[in-house]
Amino acid sequence: AQTVTQSQPEMSVQEAETVTLSCTYDTSESDYYLFWYKQPPSRQMILVIRQEAYKQQNATENRFSVNFQKAAKSFSLKISDSQLGDAAMYFCAYRRINAGNMLTFGGGTRLMVKP
Amino acid sequence: GAGVSQTPSNKVTEKGKYVELRCDPISGHTALYWYRQSLGQGPEFLIYFQGTGAADDSGLPNDRFFAVRPEGSVSTLKIQRTERGDSAVYLCASSRGSGGNNEQFFGPGTRLTVL
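Here we summarise the structure given alongside this text.

Rules and cut-offs
- All chains use their own residue numbering, which begins from 1 and follows the written sequence.
- Labels are handed out in written order, letters beginning with A for the chains and numbers beginning with 1 for the ligands.
- With pLDDT at 70 or above as the cut-off, local features in this predicted model cover only qualifying residues; side-chain atom pairs require 80 or more to be listed or tallied, and sums for whole chains, interfaces and linings still use all residues.
- Neither water nor hydrogens contribute to the side-chain values; these are computed over all heavy atoms in the structure.
- Counting from the N terminus, the helices are the DSSP runs of H or I reaching at least four residues and the strands are the DSSP runs of E reaching at least two.
- Type-normalised accessible area, obtained with a 1.4 Å probe on protein chains alone, sets the label of each residue: buried when under 20%, exposed when over 50%, and partly exposed for intermediate values.
- Method for areas: the Shrake-Rupley scheme with a 1.4 Å probe, in which residue coverage is limited to the protein chains shown.
- Radius of gyration means the value over C-alpha atoms here, while the globule rule gives 2.2 Å times the residue count to the 0.38 power.
- Contacts were defined at the residue level, with two residues in contact if any of their heavy atoms lie within 4.5 Å.
- Should DSSP find at least two bridges between two strands, the strands are regarded as paired.
- Put simply, two rings from Phe, Tyr or Trp (the six-membered ring, in Trp's case) pair if the centres are within 6.5 Å, and we call them stacked under 30 degrees between planes, edge-to-face over 60, tilted for the rest.
- Note on terms: buried area is the combined drop in 1.4 Å-probe accessible area of two parts once they are placed together, counting the loss on both.
- Here a salt bridge means any side-chain nitrogen of Lys or Arg lying within 4 Å of a carboxyl oxygen belonging to Asp or Glu.
- Charged residues are taken to be Asp, Glu, Lys and Arg, nonpolar residues to be Ala, Val, Leu, Ile, Met, Phe, Trp, Tyr, Cys and Pro, and polar residues to be all remaining types, Gly included.

**Some points on the overall build of chain B**
A tally of helices and strands in chain B yields zero helices and 11 strands. When the helices and strands of chain B are read in sequence order from the N terminus, they spell out β-β-β-β-β-β-β-β-β-β-β. Taking the principal axes of the C-alpha coordinates as reference, chain B spans close to 40 × 25 × 25 Å. For chain B, buried positions account for 46% of its 115 residues. A total of about 5400 Å² of accessible surface is found on chain B, and carbon and sulfur atoms cover 46% of it.

If you want it as structure tokens, here you go:
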């Protein structure tokens, strides 16, 4: 079974600064997807960024980028120029390619942004 | 186009009662997922539908939990003889297809409280 671990229950960043959220996972698969989701107090999960394991290039979406280390099974999220609206719970998630389509989530990291 | 909607937003019930939670997916989305998110944790997979049939129900915790999707659109999660441990946010997600490349769009969830 796949597991996803987020070792930082809470992180804090100053507005306009950069913060990195950590995620590690365990799988015996060679191909899969990895995701970062944002969950504000409204509870609705919002996809932030996605990485296909077969792609060596790290995914980027505007101020959000990942550092994907396949051999180390590590998938961290970097948020640049942090904004007050970035404050939320962030969840790392894993999804198999072909057999089963459910997401396996980590325990989450609460990000606080200080003005 | 409307997103995924879930009703009710909040549900309070007494131990032993029966509850139904409803999910309206995005129009045209054939895949539908239910997740349960306990306080302070990441969501956990319950069941996944492709069309009208449950393609994977391996996440349902016991036989008190049941879900249907009779016409391949709206889904209802049914919980019999509720227990205090069932208290959680129940999230629904839908995607255009079941392939791994299809993004899952989440609803705002139903917060269930069992007294």
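**Examining the overall build of chain A**
For chain A, the count of helices and strands is zero helices and 12 strands. Of the regular secondary structure in chain A, the N- to C-terminal order runs β-β-β-β-β-β-β-β-β-β-β-β. Against the globule reference of 13 Å for 115 residues, chain A gives a C-alpha radius of gyration of 14 Å, in line with a compact fold. Viewed in the frame of its principal axes, chain A has a C-alpha envelope of about 45 × 30 × 20 Å. Here chain A holds 115 residues, and 49% of them are scored as buried. Across chain A, contacts joining residues at least 24 apart in sequence account for 54% of those joining residues at least 6 apart. Accessible area for chain A stands at about 5600 Å²; split by element, carbon and sulfur atoms hold 45% of it.

**Side note on the pairing of strand β5 (residues 32-39) of chain A**
Residue and element names in this part refer to chain A. Burial within β5 is extensive, with eight of its eight residues counted as buried. Both faces of β5 are covered, namely the face carrying Tyr-32, Leu-34, Trp-36 and Lys-38 and the face carrying Tyr-33, Phe-35, Tyr-37 and Gln-39. Strand direction decides the pairing type here: β5 and strand β10 (residues 88-96), joined by eight bridges, are antiparallel. If you follow Lys-38 over to β10, its bridge partner there is Tyr-90. Sheet analysis places β5 next to strand β6 (residues 46-52), joined by six bridges and oriented antiparallel. Within β6, the position partnered with Tyr-37 by the bridge is Leu-47. The hairpin formed by β5 and β6 contains six residues between the paired strands, and Arg-43 there has a positive phi angle of roughly 80°.

**Quick word on the packing of aromatic side chains**
This model, assessed by the stated rule, comprises 16 aromatic pairs over all chains. Aromatic pair Tyr35(B) and Phe106(B): ring centres 5.6 Å apart, planes at 40°, arrangement tilted. Separated by 71 residues along the polypeptide, Tyr35(B) in strand β4 (residues 31-37) and Phe106(B) in strand β10 (residues 105-106) bring together distant segments of the chain. Three or more aromatic residues link up through ring pairs in this structure, and these residues are Tyr33(A), Phe35(A), Tyr37(A), Phe91(A), Phe105(A), Tyr33(B), Tyr35(B), Phe45(B), Tyr48(B) and Phe106(B).

**What about the interface of chain B and chain A?**
Across the boundary between the two partners, chain B contributes 27 residues, which contact 19 residues of chain A. Summing both sides of the interface, chain B and chain A together bury roughly 1800 Å²; the carbon and sulfur share of this comes to 46%. Remark: the boundary between chain B and chain A carries zero salt bridges. For the side of chain B that touches chain A, the secondary structure elements donating two or more residues are β4, β5 (44-50), β9 (88-95) and β11 (110-114) of chain B. Here the side of chain B that touches chain A gets three residues from one element, more than from any other, and that element is β4(B). The class makeup of the residues in the side of chain B that touches chain A is nine nonpolar, 15 polar and three charged.

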